[in-house]
Amino acid sequence: FIQLFVGPLGALFAVALVCSNEAYKYSSVAFLQFMKQGNVAIVFGMSCFVGLQVFSWRKIGILTVVVAGCSLCARGEIHFVMLGFCLQLASQLMECSKNLIGEIVLAGSHGLKLDVLTFVFF
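All figures in this text were calculated on a predicted structure; none of them were measured in a lab.

Another aspect to go through is a nonpolar patch on the surface. A cluster of nonpolar side chains, Ile62, Val66 and Val67, forms an exposed patch at the surface whose accessible area comes to about 210 Å². Within the element layout of this structure, Val67 appears in helix α4 (residues 57-75). Among the residues examined, Val67 registers a relative accessible area of 32% and is labelled partly exposed.

Take a look at the structure:
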């Protein structure tokens with residue numbers, strides 16, 4: 001259990017935290033917050049890829065509106081720094097991966113079915 005779930009969860013959280021904190025050195029808080037709104041689309045895509053969600057065009061349409069809105073807001077960034085963008089994107093991918101593993105643990109796959117409080121404890 002620890003090697004399969006807890007270790008990767010901790011590692012993903014640590015990398016996400018470091019990348020996110022480093023991104024604040026290069027980009028504005030507002031820009032990074034708009035980027036974080038794209039997590040919904042990333043989680044959905046990853047969930048479809050591993051089979052936890054069912055692909056539907058309606059969901060894609062809704063997510064397109066969300067991502068387009070975030071893109072429009074982020075497009076106007078006056079002091080865009082590619083390194084800040086890449087660090088935040090890496091942080092988002094780690095955070096979404098962590099959420100996906102958490103969903104697998106809570107759903108009961110691999111013989112596990114933890115309640116939320118037990119999951120948060122780990």
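So much for the structure itself; the text now carries on.
Per the stated rule, a full pass over the model turns up 3 aromatic pairs. Between Phe55 and Trp57, the aromatic rings sit 5.0 Å apart at their centres with planes inclined by 85°, giving edge-to-face as the arrangement. Look at Phe80 and Phe85: their rings are 5.8 Å apart centre to centre, the planes differ by 50°, and that puts the pair in the tilted class. With relative accessibility at 43%, the residue Phe80 sits in the partly exposed group. Overall, the relative accessible area of 28% leaves Phe85 in the partly exposed class.

Right, let's talk about helix α2 (residues 29-36) for a bit. Of the positions making up α2, those classed as buried are Phe31, Leu32 and Met35. Take α2 and look down its axis: the buried residues cluster within an arc of 95°, on one side only.

Let's shift gears to helix α3 (residues 39-50). The end-to-end C-alpha distance of α3, which contains 12 residues, comes to 16 Å, matching closely the 16 Å that a straight helix rising 1.5 Å per residue would cover. Within α3 the residues assigned to the buried category are Asn39, Ile42, Phe44 and Ser47. A positive backbone phi angle near 90° is found at Gly51, which sits one or two residues after α3.

Along the chain, the position of Gln92 falls in helix α5 (residues 82-107). Apart from residues no more than four positions distant in its own chain, Gln92 is found in contact with Met35, Lys36, Gly38, Asn39 and Ile42.

This brings us to the packing of α2 against α5. One way to put it is that α2 packs onto α5 with a least axis distance of 10 Å and a crossing angle of 40°. As for the relative orientation of α2 and α5, their crossing is right-handed in sense. Every residue of α5 that contacts α2 at Phe31, Leu32, Met35 and Lys36 is listed here: Gly84, Phe85, Gln88, Leu89 and Gln92. The residue makeup of the contact of α2 with α5, split by class, is 5 nonpolar, 3 polar and 1 charged.

Turning our eyes to something else, we now look at the environment of Leu100. Positionally, Leu100 belongs in helix α5. A C-alpha to C-alpha distance of 9.1 Å links Leu100 and Val50, two positions 50 residues apart in sequence. Not counting chain neighbours up to four residues away, the residues in contact with Leu100 comprise Met46, Ser47, Val50 and Leu52.

Right, let's get into the pattern of salt bridges. Within the structure shown, the criterion is met by 2 salt bridges. We note a salt bridge from Lys25 to Glu22, for which the minimum N-O separation is 3.2 Å. With a gap of 3 residues between them, Lys25 and Glu22 both fall in helix α1 (residues 2-26), about one helical turn apart. A residue is classified by how much of its surface remains accessible, and Lys25, at 59% relative accessible area, is exposed. Owing to a relative accessible area of 28%, Glu22 belongs among the partly exposed residues under this scheme. Glu95 is paired through a salt bridge with Lys98; the nearest N and O atoms lie 3.5 Å apart.

Calculation criteria
- Residues numbered from 1 in each chain as written.
- Predicted model: local features only at pLDDT ≥ 70, side-chain atom pairs only at ≥ 80, totals over all residues.
- Heavy atoms only, no water.
- Patch = residues over 30% accessible without salt bridge, like charges linked within 9 Å, V, L, I, M, F, W, Y side chains within 5 Å.
- Areas by Shrake-Rupley, 256 points an atom, 1.4 Å probe, with all protein chains shown as cover.
- Salt bridge = Lys/Arg side-chain N within 4 Å of Asp/Glu carboxyl O.
- Helix = DSSP H or I, 4+ residues; strand = E, 2+ residues; numbered from the N terminus.
- Buried < 20%, exposed > 50% of the residue type's maximum accessible area, 1.4 Å probe, protein only.
- Phe/Tyr/Trp six-rings, centres within 6.5 Å; stacked < 30°, edge-to-face > 60°.
- Arc of directions from axis to C-beta.
- Expected span 1.5 Å × (residues − 1).
- Contact = heavy atoms within 4.5 Å.
- Axes fitted to C-alpha atoms, helices over the stretch in contact; angles between N-to-C directions.
- Left-handed = near helix turned anticlockwise from the far one by under 90°.
- Nonpolar A, V, L, I, M, F, W, Y, C, P; charged D, E, K, R; others polar.

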